[in-house]
Structures are given as structure tokens and as C-alpha cells.
Amino acid sequence: MLANVYQHFRKDEHPFIDSVLDWIEQVNLQYAPYITDFLNPRQIFILESLVRQDLDLHYQLFGGYESAERKCAIIYPNYYEPSLNDYEVKMYELNYPTKFCELSHGKILGTIINKGIKRECIGDIITDGEKWQLFLKESIAHFITLQTEKIGNVSIRFIEKEYSEIIQPVEDWQVEMQTVSSLRIDNLISSVYNISRQRSKKLIEAGKVQLNWAVVERPDFSAEFQDVISVRGFGRIQLVEIHGKTKKDKIRISIRCLRK
């Protein structure tokens, strides 16, 4: 069975597949729900694909708000009815002198990770252009809110908020159709950001490109459904649909694109 599962995914994804299969087995053996940390879109796709194969189990996702990118999953047996408290997610707003200072997603995330916190414990970090809010797992929230007094040279305080107080995040993603010769990462970067293939390769080889939040150094690595490619200095690309090939053997795709 494992061989059949593995063949549908990349080799580097096999450890995560093993984790999901372990979670499924745990729920079946203990007949109790299992709650994950925050998952990225590609991990969510893998989890959904595997849990759906077990007719006795269900799953739900929660990231703090409807369009959250990073979400926690709960895998549960038929009898169970999940609640929001099960996900163990806290929402915080950053209090800082907004008129005199600026924050950024990268600075906020970097500050928290530099405290020794795993990326999986941190959900989306959102802004409406002035306020900043973020989602944290309860297990690390107390430590982070007590230990973090500054982001860069900006003094901040974490204020816990109810989900009903969420801001309306600024949405800069654009949905685009692209026709590409291949799904190689260097080719996608070149096509979407209108730069040379050689330049996109150099960005990858310099460690400036991430695939699903992990640095990738192979230009010939192929993207798959729901993959997110982050390119330092350019933005992010998410592959959301593959429509098939044209008469000239090109690939038609839909993407979500964030341009800096």
C-alpha cells in the first residue's frame, strides 16, 4: 500500500506522508481525534488525499479565518464533533507606534523563528496596511508573547484578540493564466516574472528560492498542484490548476501570483 501512496508524490514529501499515515493510524487505534500544527497548502493537499481514503475518518481545517493560507487540521472518527477550541490556536494583534514605525511580514516571522520556534507553530501573519495580526499555537503563544518585546528596533506588545475582531487583510494576490513549456521551477519563475531563464537559475542556485517554505537548489525541480514558490525580491507563485496541453505541446496553468 505504501508504495502505491508514495508514487503519487515527490520523494522529499515521503516523510510528511509517513507522518500523516501515523496520525491516521493513531486516530483509528485510539478512536480519538488528532490535531496537527499549521500546514502549508501543499501539505494540506497531501493530508486531504490520504484521509479521504479512510471512509471511517473525517477531517476539518482551521487557520483563524476563512481564506487562511496556513491551517491546522483535525482528523477525527465518525462520532466526534470538532469545535474551534480543539485547534488550540490563539490570535494576537501587535500593539506598536503605527504613526512612527513600520513592520513587515518577514521581520515579524523572522523575530519569532529566531526565538527557536518551529515554523509549524506559526500561522498566517496578516495586515490591513496598518494593523498586524498573527495566529499561534497555544503551546508556544505564552512564551512568544512574554519573550518578544521588540521586532527590529520597534517596541511591540502582543494583545490577544477574539476571532470576531480579525482585520480585513490586504489581498495582493492576482489570479493569472500562463502558458509554459514545462513546470520546472526555473521556467515558472522566468515566465511569471518576465526574467531570463539564466537569471532564474542563478536565483535558485543562490538559495533565494523556496518551495513550500523550504529552500530548493535544483532549477529542474518540477512544481505540482498547490505548490508555493517564494522568490526573494520578486514575490510568490502558487500553482492552483493544470489545464492540460496546447496543440504546440505547451502547458496551460492557473496561478496565484504575488508581485513585490
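What comes next concerns the included structure. Fair warning: this is a prediction, and the values are worked out from it, not measured in the lab.

1. Structural notes on the sheet that holds strand β9 (residues 157-161)
- Ordered in space as β5-β6-β4-β9, the four strands form an open sheet in which the pairing is antiparallel. This sheet does not close on itself; its edge strands, each paired only once, are β5 (122-127) and β9. Averaged over all pairs of adjacent strands, the angle between strand axes in this sheet comes to 30°, irrespective of strand direction.
- Of the pairings in the sheet, the one linking strand β4 (residues 89-95) to strand β6 (residues 132-137) comprises five bridges and is antiparallel in character. Within the sheet, the bridge partner assigned to lysine 90 lies in β6 and is leucine 136.
- Those strands touched by helix α4 (residues 105-113) are β4, β5 and β6, and its axis lies near 150° from that of β5.
- Along the sheet, helix α5 (residues 138-147) contacts β4, β6 and β9; its crossing angle with β6, the most-contacted strand, is approximately 125°.

2. Some remarks on the environment of isoleucine 24
- Topologically, isoleucine 24 is positioned in helix α2 (residues 14-30).
- Taking the C-alpha atoms as reference points, isoleucine 24 and tyrosine 34, ten residues apart in sequence, are found 8.2 Å from one another.
- The residues touching isoleucine 24, leaving out its near neighbours within four places in the chain, are Leu50, Val51, Asp54 and Leu57.

3. Examining the layout of surface pockets
- In this model, the largest pocket occupies a volume close to 1500 Å³.
- Around the largest pocket sit 49 residues that line it, and Glu69, His105, Trp173, Arg236 and Leu258 are the ones nearest its centre.
- Every element with two or more residues in the lining of the largest pocket is listed here: α3 (41-51), α4, β5, β11 (209-211), β13 (228-231), β14 (235-245) and β15 (251-259).
- Partitioning the lining of the largest pocket into residue classes produces 21 nonpolar, 14 polar and 14 charged.
- Taken as a whole, the second largest pocket holds about 410 Å³ of empty space.
- Around the second largest pocket, the lining is made up of 19 residues, and of these Asn40, Leu211, Asn212, Trp213 and Ala214 lie nearest the centre.
- Broken down by class, the residue content of the lining of the second largest pocket amounts to eight nonpolar, three polar and eight charged.

4. Comments concerning the pattern of salt bridges
- Counted by the stated rule, this structure contains 16 salt bridges.
- The closest approach of N and O atoms between glutamate 224 and arginine 10, which form a salt bridge, is 4.0 Å. With glutamate 224 in the loop between β12 (214-215) and β13 and arginine 10 in the loop between α1 (2-6) and α2, this residue pair connects regions lying 214 residues apart in the sequence.
- With a relative accessible area of 25%, glutamate 224 lands in the partly exposed category.

Reading the values: the criteria
- Residues numbered from 1 in each chain as written.
- Predicted model: local features only at pLDDT ≥ 70, side-chain atom pairs only at ≥ 80, totals over all residues.
- Heavy atoms only, no water.
- Pairing = 2+ DSSP bridges.
- Helix = DSSP H or I, 4+ residues; strand = E, 2+ residues; numbered from the N terminus.
- Axes fitted to C-alpha atoms, helices over the stretch in contact; angles between N-to-C directions.
- Contact = heavy atoms within 4.5 Å.
- 1 Å grid on protein atoms, 1.4 Å probe; cavity = no way out; pocket = protein on both sides within 12 Å on 5 of 7 lines; lining within 4 Å.
- Points joined across faces, edges and corners; volume = space filled by probe spheres on them.
- Nonpolar A, V, L, I, M, F, W, Y, C, P; charged D, E, K, R; others polar.
- Salt bridge = Lys/Arg side-chain N within 4 Å of Asp/Glu carboxyl O.
- Buried < 20%, exposed > 50% of the residue type's maximum accessible area, 1.4 Å probe, protein only.

These results come straight from atomic positions and should not be treated as a statement about function.
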